[in-house]
Amino acid sequence: MSKHVLAQNQYGKAENRIVTVTRKGNDGAWHEIRDLNVSVALRGEYRDVHLTGDNGNCLPTDTTKNTVYAFAKEHGVDSPEAFGIHLARHFVSSQPVIHEAQIRIEEYAWERISVPSRKEQHSFARKGQEVRTAQITYSETTGLQVLSGLKELTVMNSTNSEFHGFIKDEYTTLQEAYDRILATKVTARWANSAPAAADPEHDWDASYAKVRRHMLEAFAETYSYSLQQTLHAMADRVLDHVSTVNEVRLNLPNKHHFLVDLEPFGLKNDNEVYFAADRMYGLIEGTVHRQGVQPVIATSDWITA
Ligand SMILES: O=c1[nH]c(=O)c2[nH]c(=O)[nH]c2[nH]1
């Protein structure tokens, strides 16, 4: 027996990253997403667990994690508050040794990328995190070089993404995917032409907005067989539509969303509940430029998801 006093204690699985996709409309083509970070803390009769090694009162943190995902399917996520109330009540009412449950939730806000030509809506951009960048170099010999860009622009397609037909060697375990979430945090740089850089009337805000719009529309409209293909489509679209841009470089971390297996709880996961992994991640990088133009954007920057 310890001569010291065990005071406040609590435990549970923290930071369960969960994305839900709800399909609406007759054909289910209108998607709504919720993106949550859910932490569970349980308080109750845990003296023995701490003092004697008897785990008879211990509901595993792994179970609390499973409960979060199963409840997202069973009850849906109407709001962080309603979802948290379901969970907190459940833990306290289902186990006599649990006297209090605290659920902490962060919700990340997304806005729809509206593509006027399209009725299905499954493309989103994370709100309010994007950073615009610019790098200007002036040399006596070579003149002005203006690189524009953005970073921290997180986007998601909740369907229209597949990945299959890849090499399978003795270490390959990845399953082929025929309907997956495609999400990435875009870092983009683009090189502006010398005449644009030298033009005192050049409207930099307008060209930024135009590049951004074409990248987002290409992301939303491309039916993707790989993030590499999406990367190329985004850069290509910018070069097609913005004549003052000569080169586009994109760094696209593949922000993986894994379908949660709900079968052990008797629930079918019809592409509705995902685990949003923050690492490790695939990192897809590439430059696309106009014919005859020498690429100038550095390829060695260290970009993280
Ligand atoms: O779009 C993708 N490109 C890849 O190269 C890749 N590799 C992987 O495991 N998943 C994916 N997805």
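Residues numbered from 1 in each chain as written. Predicted model: local features only at pLDDT ≥ 70, side-chain atom pairs only at ≥ 80, totals over all residues. Heavy atoms only, no water.

1. Looking at helix α5 (residues 204-221)
To keep it simple, the criterion reads: Helical segments are the DSSP runs of H or I of at least four residues, strand segments are the runs of E of at least two, and each set is numbered from the N terminus. Any helix carries an expected span of 1.5 Å times its number of residues minus one. Accessibility here uses a 1.4 Å probe with only protein chains present; expressed as a share of the type maximum, an area under 20% marks a residue as buried, one over 50% as exposed, and anything in between as partly exposed.
Taking 1.5 Å of rise per residue, 18 residues should cover 26 Å, and α5 covers 26 Å from first to last C-alpha, within 8% of that figure. Listing the buried residues of α5 in full gives Ser-207, Tyr-208, Val-211, His-214, Met-215, Leu-216, Glu-217, Ala-218, Phe-219 and Ala-220.

2. Digging into the pattern of salt bridges
Condition: The rule for a salt bridge is simple: a side-chain nitrogen of Lys or Arg has to be within 4 Å of a carboxyl oxygen of Asp or Glu.
Following the criterion strictly, the structure yields 13 salt bridges and no others. The shortest N-O distance in the salt bridge between Arg-212 and Glu-130 comes to 2.8 Å. Residue Arg-212 is found in helix α5, and its partner Glu-130 is found in the loop between β5 (123-126) and β6 (131-139); the two are separated by 82 residues along the sequence. Residue classification places Arg-212 among the partly exposed residues on the basis of a relative accessible area of 24%.

3. Some thoughts on the site of the ligand
Going by this rule: Nearness of a residue to a molecule or strand requires only that one of the residue's heavy atoms be within 4 Å of it. We call two N or O atoms a polar contact when they sit within 3.5 Å, provided that within protein one can donate a hydrogen and the other can accept it, with sequence-adjacent residues counted only if both atoms are side-chain atoms. Computed with the Shrake-Rupley method and a 1.4 Å probe, the accessible areas treat only the protein chains shown as cover for residues. A 1.4 Å probe that fits but cannot get out identifies a cavity on a 1 Å grid over protein atoms alone, an open set with protein on both sides within 12 Å along at least five of seven lines counts as a pocket, and a residue lines either if it has an atom within 4 Å of a point. Here the criterion for a molecule occupying a pocket or cavity is that more than half of its atoms lie within 2 Å of the pocket grid points. We call Asp, Glu, Lys and Arg charged. Ala, Val, Leu, Ile, Met, Phe, Trp, Tyr, Cys and Pro are nonpolar, and the rest, Gly among them, are polar.
As a matter of local geometry, the ligand sits amid Phe-163, Leu-174, Arg-180, Ser-226, Leu-227, Gln-228 and Asn-254. Within the backbone of Leu-227, a nitrogen or oxygen atom sits 2.7 Å from an oxygen atom of the ligand. Gln-228 is positioned with one of its side-chain polar atoms (N or O) 2.9 Å from a nitrogen atom of the ligand. Coverage of the ligand by the protein chains reaches 71% of its 290 Å² of free accessible surface. The pocket occupied by the ligand, as judged from atoms lying within 2 Å of grid points, is the largest pocket. Considered class by class, the residues forming the shell around the ligand number 3 nonpolar, 3 polar and 1 charged.

4. A closer look at the confidence of the model for the protein
Which entries qualify depends on this criterion: As a per-residue measure, pLDDT tells how confident the predictor is, with possible values from 0 to 100.
Residues with a pLDDT of 70 or more make up 99% of the protein, whose mean pLDDT is 95. Quick note on the complex model: pTM equals 0.91, ipTM equals 0.98.

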